[in-house]
Amino acid sequence: MYASSRRVYPIIARVAASALTLALAACQTPAQKPGVQLPVTDSASGPSRSAAVQLLHTAETLPAPQRDKQRLQAAAILYELGDKQTAKQAVVTISPEQLDDTLYAQYARVYGGLLAADDEFFRALDLATAPRLDHVWTQLPRETALPLRDLRADLWGLLGDLDSAIAERRQIADLAQTEEAIADNNDGFWQLLTQLPSSELQTRAAESVDRQMRGWYQLALLGRDTQADISSQLTALSRWRQQWPGHSASIHPPQALQLLEQLASRRAERIALLLPLTGPLGSAGRAIRDGFMAAHYTALNAGAPTPTVMVYDTGTAQPFEEIYQSAVDAGAQAIVGPLDKGKVANLLATEKLPVPTLALNYGDEGRLTGDLVQFGLAIEDEARQVAQHAYRQGHRQAMILAADASWGQRGAEAFQEEWQRLGGSVSISRSFRDSSKFSQLISDALLIPDSKSREAALRRRLAAPLEFTPRRRGDVDMLFLVAQPQQARQINPMLTFYYANDLPVYATSHVFDGNIDPNRDRDINGIRFTALPWLFENDNLTKRNIEQQASPAPAFARLYALGADAFRLYPRIPMLRQFPQQRVHGLTGALSLSADGRIVREQIWARIDKGKPVPVTTVVEPVLPSPESLELSGNSEAF
């Protein structure tokens, strides 16, 4: 259902396809002892499971390295057929040191794919990037090197090392020859490059000495343009093609760009914006409206065809159903809103809506029909993204510290649900308020008093001088922090004070308030958080106009961003329905559509460095348990 979960699927699918190619080729020229008859398969249907099992049985009669080669053939077949458990049982019996370089590359891509399917991403990447491969790429057959490089690129991208993944895609570009391989790699390029902030893409486009990559960076800027409407993007794409006629992406454009012309022909001419402009939600509704209209006027001033926008106030006493029907009667071909959660529930209860509707909040359930899409700034999306990212980084035992407010508790619950679904465990979860004694909170959560008590007991037993340094609990390897900036500035230093400076801290975007102040925010140095792209899109014309005209407080900036993204999102929903892997890159994140009609946001990763937020484009080192943590895991039987 979630965007990042869907990103794993291409890895598995591509490796399975390449595994079948390997298996078919291997079955045509098997290594065998005289007198051993290998199974014959129907070339139309491909190898069967029984054929693979027979290969495994006969492999036991062969000498090394033929035995391992045949096991590899069988594992490739079994993996492609979906029998991953038996495939893994087969591949783990292989001695990779007995394989020549070509066979090792095949082994790395099959076993690496199996490990990736089990969420063992670092182990898979270790196989696919083994040092023995460094000097043999030119010797590997194209059909072996290409899928292995593809696996490496997917793994690096999944783990957040965008730079390595982009470099690998560049290598694949020189290898790919078939239409399918080139198109697949170009889609991979697009997915990676459009994750970079526009400022980063502009810098790379200006500084890159690789002409192909300069073209890619410039093209990705079109995809990251969070202010352009479809017509403006089509015009910019046409100019790009004239400038780069021989570029791979000009000949084989990414799928998302191929859809622009279709979307332009379906554009609504009249839309209605249904928001609370008065009443309790009036300030939020006005911020969203102003963000929406800022994006509208940016497109209009650029000369793009823009729809007529009709604005309705849902904050009055008039029943929402009447307001909605009034918009339809006035000719609205699409509706954006409402914001109120209760009114979204009313839409969900309606059997069929007369026009496509983009609600700006989430109800308690999804909707499988195509008439309603729900879009908002749910903290649950960020919490799930943190869980997925931290798990891929190798963490397994989490500590949760969350603000004792509805948003904080929702974030903590969403993280814990996703974390446990992935296979992680939560060792401790604590809530706090602004009035909390943070020193005591952190000390108790890390079991520092228990460590001191054990030291006192030992000192009494030994009756001798004793050097003592308290130790934090050993059954946590990461902290998920759901906090406002002023709370985080008190919590983060306490982690160092209580001997947990080695504990990685992951947070939601709420940890940074949007105002850059290095002196104040040095207390949250090192925290990694999911950031709204708004934070780094300083050259975005829509954002600049909003800041100049409204000077929104940081708490409202995200609502302006939501409104701007709603303008850009609603005409692109048909693309997201047709191609679930595609994403719309906006000021609130990379937006994808789940099967039940919910927009899922994936924000960019940032960290606080010297008191300032910086985007993260490289992966951190994998988590390797220390001897101490192995001894302490699950208990605190140490100082």
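Bear in mind that the values here come from a model prediction, so they are computed numbers and not experimental data.

Within the largest apolar cluster, 116 residues are counted, with the highest numbers of intra-cluster contacts made by Phe292, Leu358 and Phe375. Leu441, Leu446, Leu503 and Phe512 belong to the second largest nonpolar core, which has 54 residues in total.

What follows is about the packing of helix α11 (residues 211-223) against helix α12 (residues 230-243). For the pair α11 and α12, the least separation of the axes is 10 Å and the interaxial angle reads 170 degrees. Our classification of the angle between α11 and α12 gives roughly antiparallel. Between α11, through Arg211, Gly215, Gln218, Leu219, Leu222 and Gly223, and α12, the contact on the second element is made entirely by Gln233, Ala236, Leu237, Trp240 and Gln243. Here the residues of the contact of α11 with α12 sort into five nonpolar, five polar and one charged.

The strands making up a sheet are joined through hydrogen bonds of the backbone, oriented either antiparallel or parallel. Strand order across the open sheet formed by three strands is β11-β12-β13, with antiparallel pairing between neighbours. The open sheet has two edge strands with one neighbour each: β11 (584-585) and β13 (599-602). Across two bridges, β11 lies against strand β12 (residues 590-593) in antiparallel orientation. Within the sheet, the bridge partner assigned to Val584 lies in β12 and is Leu591.

Moving on, we come to the pairing of strand β7 (residues 425-432). Bridge count for strand β6 (residues 397-403) against β7 is seven bridges, and the pairing is parallel. Across the sheet, residue Leu401 finds its bridge partner in β7, namely Arg430.

Here we come to the packing of helix α3 (residues 66-80) against helix α4 (residues 84-91). Axis separation between α3 and α4 bottoms out at 8 Å; the angle between their running directions is 165 degrees. As far as their axial angle goes, α4 and α3 are roughly antiparallel. At the point where α3 passes α4, the crossing takes the left-handed sense. Along the contact surface, α3 presents Arg71, Ala75, Leu78 and Tyr79, while α4 presents Lys84, Thr86, Ala87, Ala90 and Val91. Taken together, the residues of the contact of α3 with α4 sort by class into six nonpolar, one polar and two charged.

It is worth spelling out the pairing of β13 at this point. On β13, burial covers both faces: Ile599 and Arg601 on one face and Val600 and Glu602 on the other are all buried. From the end of β12 to the start of β13, which pair antiparallel, there are five residues, and Gly597 there has a positive phi angle of about 80 degrees.

On to helix α7 (residues 142-158). In this model, α7 (17 residues) spans 24 Å end to end at C-alpha, consistent with the 24 Å of a helix rising 1.5 Å per residue. Of all 17 residues that make up α7, 15 are buried, and the element is covered over most of its length. Once α7 ends, the next one or two residues include Gly160, with phi positive near 95 degrees.

Further remarks concern the sheet that holds strand β2 (residues 308-313). Judged by pairing direction, the sheet is parallel, and its five strands sit side by side in the order β2-β1-β3-β4-β5 without closing on themselves. Taken across any chain shown, the strands that pair with only one partner, and hence form the sheet edges, are β2 and β5 (372-374). When the angles between neighbouring strand axes are averaged without regard to direction, this sheet yields 20 degrees. Sheet analysis places strand β3 (residues 334-336) next to strand β4 (residues 357-359), joined by two bridges and oriented parallel. Bridge pairing in β4 places Val336 opposite Leu358. Running at roughly 160 degrees to strand β1 (residues 270-275), helix α16 (residues 282-301) makes contact with β1, β2 and β3 of the sheet.

Attention now goes to unusual backbone geometry. Put simply, Ala64 and Pro65 share a cis peptide bond, and its omega is 5 degrees. Its location among the elements puts Pro65 in the loop between α2 (49-59) and α3. With an omega of 5 degrees, the peptide bond running from Gly337 to Pro338 counts as cis. Secondary-structure assignment places Pro338 in the loop between β3 and α18 (341-349). With a phi close to 65 degrees, Tyr499 is a non-glycine residue in the positive phi region. By the element assignment, Tyr499 lies in the loop between α23 (485-497) and β9 (505-507). Tyr499 sits in the partly exposed class, given a relative accessible area of 33%. A positive phi angle is found at Lys610, which is not glycine, with a value near 55 degrees. By secondary structure assignment, the location of Lys610 is in the loop between β14 (604-609) and β15 (612-615).

This part covers the side chain of Asp475. Looking at the element boundaries, Asp475 is found in the loop between α22 (448-462) and β8 (478-482). A polar contact is formed between the side chain of Asp475 and the side chain of Arg473, at a distance of 2.6 Å.

Let us now look at the confidence of the model for the protein. In the predicted model, the protein carries a mean pLDDT of 84, and the fraction of residues at 70 or more is 85%. The weakest mean pLDDT in the protein belongs to helix α28 (residues 627-632) at 36; the strongest belongs to β9 at 98. Scored below 50 in pLDDT, residues 1-9 shows 32 contacts in the model against residues more than four places distant or in partner chains. Contacts from residues 620-639, a stretch scored under 50 in pLDDT, to residues over four places away or in other chains number 39 contacts.

The rules behind the values
Residues numbered from 1 in each chain as written. Predicted model: local features only at pLDDT ≥ 70, side-chain atom pairs only at ≥ 80, totals over all residues. Heavy atoms only, no water. Core = buried A, V, L, I, M, F, W, Y, C linked by side-chain atoms within 4.5 Å. Buried < 20%, exposed > 50% of the residue type's maximum accessible area, 1.4 Å probe, protein only. Axes fitted to C-alpha atoms, helices over the stretch in contact; angles between N-to-C directions. Helix = DSSP H or I, 4+ residues; strand = E, 2+ residues; numbered from the N terminus. Parallel < 35°, antiparallel > 145°, perpendicular 65-115°, else oblique. Contact = heavy atoms within 4.5 Å. Nonpolar A, V, L, I, M, F, W, Y, C, P; charged D, E, K, R; others polar. Pairing = 2+ DSSP bridges. Left-handed = near helix turned anticlockwise from the far one by under 90°. Expected span 1.5 Å × (residues − 1). Polar contact = N/O pair within 3.5 Å; in protein donor to acceptor, adjacent residues only side chain to side chain. pLDDT = per-residue confidence, 0-100.

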